[in-house]
Amino acid sequence: MTAALAVDGLSVVYDGYYALDAVSIDVDRGESFGLVGESGSGKSTLLRAVGGLAPVSGGVIRIDGEALKGSKRNKAFYRQVQMVFQDPYGSLHPRQTIDRLLLEPLAIHGIGDSDARIARALDEVGLGSGFRFRYPHQLSGGQRQRVAIARALIVEPSILLLDEPTSALDASVQAEVLNLLEQVRRDRHLTFVMVSHDLGVVTHMCERLVVMQNGAIVERLSAKELATGDVKEDYTRNLMIASRGFVRN
Ligand SMILES: Nc1ncnc2c1ncn2[C@@H]1O[C@H](COP(=O)(O)OP(=O)(O)O)[C@@H](O)[C@H]1O
Ligand SMILES: [Mg+2]
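Predicted model only: the values in this text are computed from it and were never measured.

Each pair of packed helices gets described by two things: the angle between the helix axes and the distance between those axes. Across the interface, helix α4 (residues 98–108) lies against helix α5 (residues 114–124) with an axial gap of 10 Å and an inter-helix angle of 115 degrees. In this structure, α4 crosses over α5, and the sense of that crossing is right-handed. Only Ser114, Arg117, Ile118 and Leu122 of α5 make contact with α4, whose side of the interface consists of Ile98, Asp99, Leu102, Leu103 and Leu106. When grouped by side-chain class, the residues that make up the contact of α4 with α5 number six nonpolar, one polar and two charged.

Shown next as structure tokens:
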């Protein structure tokens, strides 16, 4: 089976510093794939490089077997691959209503039937149409992240790149948003690549994961291996200890 997303020997270099050093991953269609590792290990850089937001200096990125050229991404790419970031404040324009925020991607991609699509998108993320003409500051953090997810889903992508999508949220809200993500992945047969510093989240959400350090992969694991502590590297074991709420007796 052709991987939905294949990253082969990918490097990102900033002023001689390898933020990403020859990283390779293969993500199957419909799979949820995790990236974990200490702060600064290159997790966001990997997602950003795929999304065309970081300069690639070596390696190949393939979507459904087709190699992307350079760092530029065309419209067709963003129809297929969408990103959700940690901070829903930063990614939602403060002066636009939710309606406008959801209309924009539809306009960019020339997708019609916008009224019905916006209503359906808000419904899908558990926000009724009552939210449609509100502004981001009138929403809670969890509701804003639901809007960010709705905005990503409204163009009907097949791959979501999720960079700490719930890290800014309270624990209870975090669980709700993770459940929402899991549900839309199943309903829409989406492929996820998800960054989290919370190993509990990754074991819950992902089938496989890589552990990153200094821009490189130090270990590849199944969620089960992580959950049962069946890991080889001390670095991974230390991450497990550092990850809040993960270590069980
Ligand atoms: N635009 C940039 N310019 C220079 N260095 C960067 C840039 N983006 C990231 N880096 C560096 O690359 C490394 C990896 O960063 P990042 O991918 O954000 O780590 P993580 O998401 O795992 O915390 C860090 O050392 C960071 O400082
Ligand atoms: Mg990051």
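Quick look at the nonpolar core now. Ranked by internal contacts, the top residues of the largest apolar core, which has 46 residues, are Ile149, Leu181 and Met194. Each residue touching Met194, except ones within four places of it in the same chain, is listed here: Phe33, Gly34, Leu35, Leu162, Pro165, Leu178, Leu181, Val201, Met205 and Cys206. Within the second largest apolar cluster, 27 residues are counted, among which are Leu5, Ile63, Val81 and Met212.

Attention shifts here to the site of ligand 1. In the region of ligand 1, the neighbouring residues are Tyr14, Tyr17, Ala19, Glu38, Ser39, Gly40, Ser41, Gly42, Lys43, Ser44 and Thr45. Between ligand 1 and Tyr17, the relevant distance is 3.3 Å, taken from an oxygen atom to a side-chain nitrogen or oxygen of the residue. Contact distances for ligand 1 include 2.7 Å between an oxygen atom and a backbone N or O atom of Gly40. The fraction of the free accessible surface of ligand 1 (570 Å²) that becomes covered by protein chains is 59%. For the shell around ligand 1, the leading source of residues is helix α1 (residues 43–50), giving three residues. The residue inventory of the shell around ligand 1, partitioned by class, reads three nonpolar, six polar and two charged.

Reading across the sheet, the six strands line up as β6-β7-β8-β3-β9-β10 and stay open at both edges, with mixed pairing between neighbours. For this open sheet the edge positions go to β6 (81–84) and β10 (216–222), each flanked by a neighbour on one side alone. Taking each pair of neighbouring strands and ignoring which way they run, the sheet shows an average axis angle of 20 degrees.

Below, the discussion takes up the sheet that holds strand β4 (residues 58–63). Across a sheet, strands are paired by hydrogen bonds formed along the backbone, either parallel or antiparallel in direction. A sheet is described by the order of its strands in space; here four strands give the open sequence β2-β1-β4-β5, paired in antiparallel fashion. Edge positions in the sheet fall to β2 (17–27) and β5 (66–67), since each of these pairs with one other strand and no more. α1 rests against β1 (5–14), β2 and β4 of the sheet, and its axis sits at about 110 degrees to β1.

Relative to β10, strand β9 (residues 208–213) runs antiparallel, the two being bridged by six bridges. Residue Val211 lies in a different strand from β10, and its bridge partner there is Glu219. Taking the residues between adjacent antiparallel strands as the criterion, β9 and β10 are bridged by two residues, where Asn214 takes a positive phi near 50 degrees.

How each quantity is defined
- Residues numbered from 1 in each chain as written.
- Chains lettered and ligands numbered in written order.
- Predicted model: local features only at pLDDT ≥ 70, side-chain atom pairs only at ≥ 80, totals over all residues.
- Heavy atoms only, no water.
- Axes fitted to C-alpha atoms, helices over the stretch in contact; angles between N-to-C directions.
- Helix = DSSP H or I, 4+ residues; strand = E, 2+ residues; numbered from the N terminus.
- Left-handed = near helix turned anticlockwise from the far one by under 90°.
- Contact = heavy atoms within 4.5 Å.
- Nonpolar A, V, L, I, M, F, W, Y, C, P; charged D, E, K, R; others polar.
- Core = buried A, V, L, I, M, F, W, Y, C linked by side-chain atoms within 4.5 Å.
- Buried < 20%, exposed > 50% of the residue type's maximum accessible area, 1.4 Å probe, protein only.
- Near = heavy atom within 4 Å.
- Polar contact = N/O pair within 3.5 Å; in protein donor to acceptor, adjacent residues only side chain to side chain.
- Areas by Shrake-Rupley, 256 points an atom, 1.4 Å probe, with all protein chains shown as cover.
- Pairing = 2+ DSSP bridges.

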